[in-house]
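Spelled out from the first residue to the last, the chains are:
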Amino acid sequence: MDNTLILSCSHRKNSVSKQVADVCQERIKIFSADTQATTFDFGENPLPMWNEEVWNESPQWQQDLAPLREAAEACDSLIVIVPEYAGMVAPMAKNVMLFLTTELIGHKPAVLVGISAGIGGSYPIAEMRMSGYKNNRILWLPDHTIIRSAGDFKAPFESARQKESLEHLDHSIKMLSEYAKVLPAVRSSQAFINQPFPFGM
Ligand SMILES: Cc1cc2nc3c(=O)[nH]c(=O)nc-3n(C[C@H](O)[C@H](O)[C@H](O)COP(=O)(O)O)c2cc1C
């Protein structure tokens, strides 16, 4: 059974990102029956901002990070849901990327899902594609999904915009499942295990 980790990177409780994460869970059941999905909702359970004690593996950080590390290590693929705040990706998304290492998620396929209450949502995608992947080597798929008017994105998905967003999300989930089948070969290769450039090239 495949395992998908969904990271809902909103700072808010009862967030739209979590609502979209729930839709992802439902669509995975439909289109990828062999996949088990787990959601981390950082609005409900926020991770503190990174500080240098992470490098020292302080007991507090070990405790705070244990669930995320365990889930990241176990997953075959990720869905990273990134809301737009003031024309930026929500800071939690970048914070989370600092905790995820190559050992945990390197060369695992991941779909980006941008969230906007209005007609935005592209800036968080651009930011995540530009940065945040270098040291952990998460593998963003070429296609991403942007959910606009995201507050309305719920069943029965009646408007043209909702239908189109759902089609994009469904396609992303199907592609993610295909990538997840083949990429373990990369992680088990000697080239990956030797890792000569831990901080990128
Ligand atoms: C601090 C803040 C800033 C926001 N700035 C933008 C923005 O620049 N562009 C946009 O499209 N939506 C913006 N929004 C609206 C969010 O995209 C919308 O509230 C969305 O539901 C947030 O997702 P969340 O509920 O998962 O946190 C902002 C929301 C917050 C809380």
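Notes on the structure follow. Per chain, residues are indexed from 1 in the order of the written sequence. Reporting in this predicted model follows two pLDDT cut-offs: at least 70 for local features of residues, and 80 or more for side-chain atom pairs to be given and counted; totals over whole chains, interfaces and linings ignore these cut-offs and use all residues.

Attention shifts here to the site of the ligand. As a rule, any residue with its backbone-derived C-beta atom within 6 Å of a molecule or strand is reported as near that molecule or strand. With respect to spatial proximity, 17 residues lie near the ligand, and among them Ser10, Ser15, Ser17, Pro83 and Gly120 are the closest. At the level of elements, α1 (16–31) and β3 (77–85) are the ones that each hand at least two residues to the shell around the ligand. Considering every element that reaches the shell around the ligand, the biggest residue donor is β3, with three residues. In this classification, the charged set is Asp, Glu, Lys and Arg, the nonpolar set is Ala, Val, Leu, Ile, Met, Phe, Trp, Tyr, Cys and Pro, and all remaining amino acids, among them Gly, are polar. Its residues assigned to classes, the shell around the ligand comprises seven nonpolar, eight polar and two charged. By the criteria applied, helices consist of DSSP H or I runs no shorter than four residues and strands consist of E runs no shorter than two, each listed in order from the N terminus.

Here α1 spans 22 Å end to end across 16 residues, near enough to the 22 Å set by a 1.5 Å rise per residue. Comment: burial labels come from other C-beta atoms within 10 Å of the residue's own C-beta, placed from the backbone, where a count of 20 or more is buried, 12 or fewer is exposed, and between is partly exposed. All buried positions along α1 are accounted for by Val16, Ser17, Lys18, Val20, Ala21, Cys24 and Ile28. Any pair of residues counts as being in contact when their C-beta atoms, constructed from backbone geometry, are within 7 Å of one another. Tucked into the core, α1 has its buried residues touching β1 (2–8), β2 (35–41), β3, β5 (109–115), β7 (145–147) and α6 (160–182). How far a helix is expected to stretch is found by multiplying one less than its residue total by 1.5 Å.

Those residues of helix α5 (residues 122–130) that sit buried are Pro124, Ile125, Glu127 and Met128. All buried residues of α5 lie within an arc of 165° about the axis, which places them on one face of the element. Immediately downstream of α5, the backbone of Gly132 shows phi near 95°, a positive value. It is the directions from the helix axis to the C-beta atoms that the arc portrays.

Purely geometric stuff here, so don't read any function into it on its own.
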